[in-house]
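Residue strings, one per chain:
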Amino acid sequence: MFLLRALHAEGRAVPETDPERALGVSAAAAGLFRGPVLTGINNGLIVGTFARWAEEVRLERLETVARCSLRLGRHRELIGDLSAWVEEYPLNENLREHLIPALYRSGRRAEALEVFQSARQALREELGLDPRRTMRRLQFAILEADTDYAIAG
């Protein structure tokens, strides 16, 4: 727990203008997890609070890993991890918004659009919502072959 707190604090302190360092710290923090936090343990107040905090830390670090990897041009290497994270957190639009440009930049335009469609379906079925504006703009940019916007992701 102490290592996670320290890495999380360091990850928040590192400016993303230094994506290599931010990626390293965030990947180290995210690497401490091996699945859902405290699965199978009866959640009391303290355990439940810690588990929710740790999940939020994990998500924040995963999103930073994705952003920094894309900034560093590591989109191909990121696709497998992002796909797994999207499967684990199907309603997390941030992760999908990173997967879409990673696929697009890898020449996988159709798959990028499929990710958008699956997000739309999951959000509608589970929450009765449409994808947020930034995701819809990303879809439109890919459909219109607006590489300036779609590449910027």
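Anything mentioned here points back to the structure above.
Here goes a summary of the coordinates provided. (Residues numbered from 1 in each chain as written. Predicted model: local features only at pLDDT ≥ 70, side-chain atom pairs only at ≥ 80, totals over all residues. Heavy atoms only, no water.)

This part takes up the overall build of the protein chain. Regarding its fold elements, the protein chain presents 8 helices and 0 strands. For the protein chain, the α and β elements follow one another from N to C terminus as α-α-α-α-α-α-α-α. A buried classification covers 42% of the 153 residues belonging to the protein chain. Within the protein chain, counting contacts between residues at least 6 apart in sequence, those at least 24 apart form 57% of the total. (Helix = DSSP H or I, 4+ residues; strand = E, 2+ residues; numbered from the N terminus. Buried < 20%, exposed > 50% of the residue type's maximum accessible area, 1.4 Å probe, protein only. Contact = heavy atoms within 4.5 Å.)

This brings us to the side chain of Arg-61. With respect to the helices, strands and loops of the structure, Arg-61 is situated in helix α3 (residues 45-71). By relative accessible area, which is 2% here, Arg-61 ends up buried. At 2.7 Å, the side chain of Arg-61 forms a polar contact with the side chain of Ser-26. Excluding anything up to four places from it in sequence, Arg-61 contacts His-8, Gly-11, Arg-12, Ser-26, Ala-29 and Ala-30. (Polar contact = N/O pair within 3.5 Å; in protein donor to acceptor, adjacent residues only side chain to side chain.)

Turning our eyes to something else, we now look at the nonpolar core. In this structure, Leu-82, Trp-85, Leu-95, Leu-99 and Ile-100 are the most contacted members of the largest nonpolar core, which totals 37 residues. When residues of this core are assigned to their parent elements, the largest contribution, 8 residues, is made by α3. Filtering out sequence-adjacent residues up to four positions away, Trp-85 remains in contact with Leu-62, Val-65, Leu-78 and Leu-95. (Core = buried A, V, L, I, M, F, W, Y, C linked by side-chain atoms within 4.5 Å.)

All told, the structure shown has 8 salt bridges when counted by the stated rule. Residue Glu-88 pairs with Arg-58 through a salt bridge whose shortest N-O separation is 2.5 Å. You can see Glu-88 sitting in helix α4 (residues 75-88) and its partner Arg-58 sitting in helix α3, a full 30 residues away along the chain. Between Asp-130 and Arg-124 there is a salt bridge, and its shortest N-O distance comes to 2.7 Å. On the basis of relative accessible area, Arg-124 is assigned to the partly exposed category, the value being 46%. Shared partners join several salt bridges into a network, and the residues in it are Arg-12, Glu-60 and Arg-61. (Salt bridge = Lys/Arg side-chain N within 4 Å of Asp/Glu carboxyl O.)

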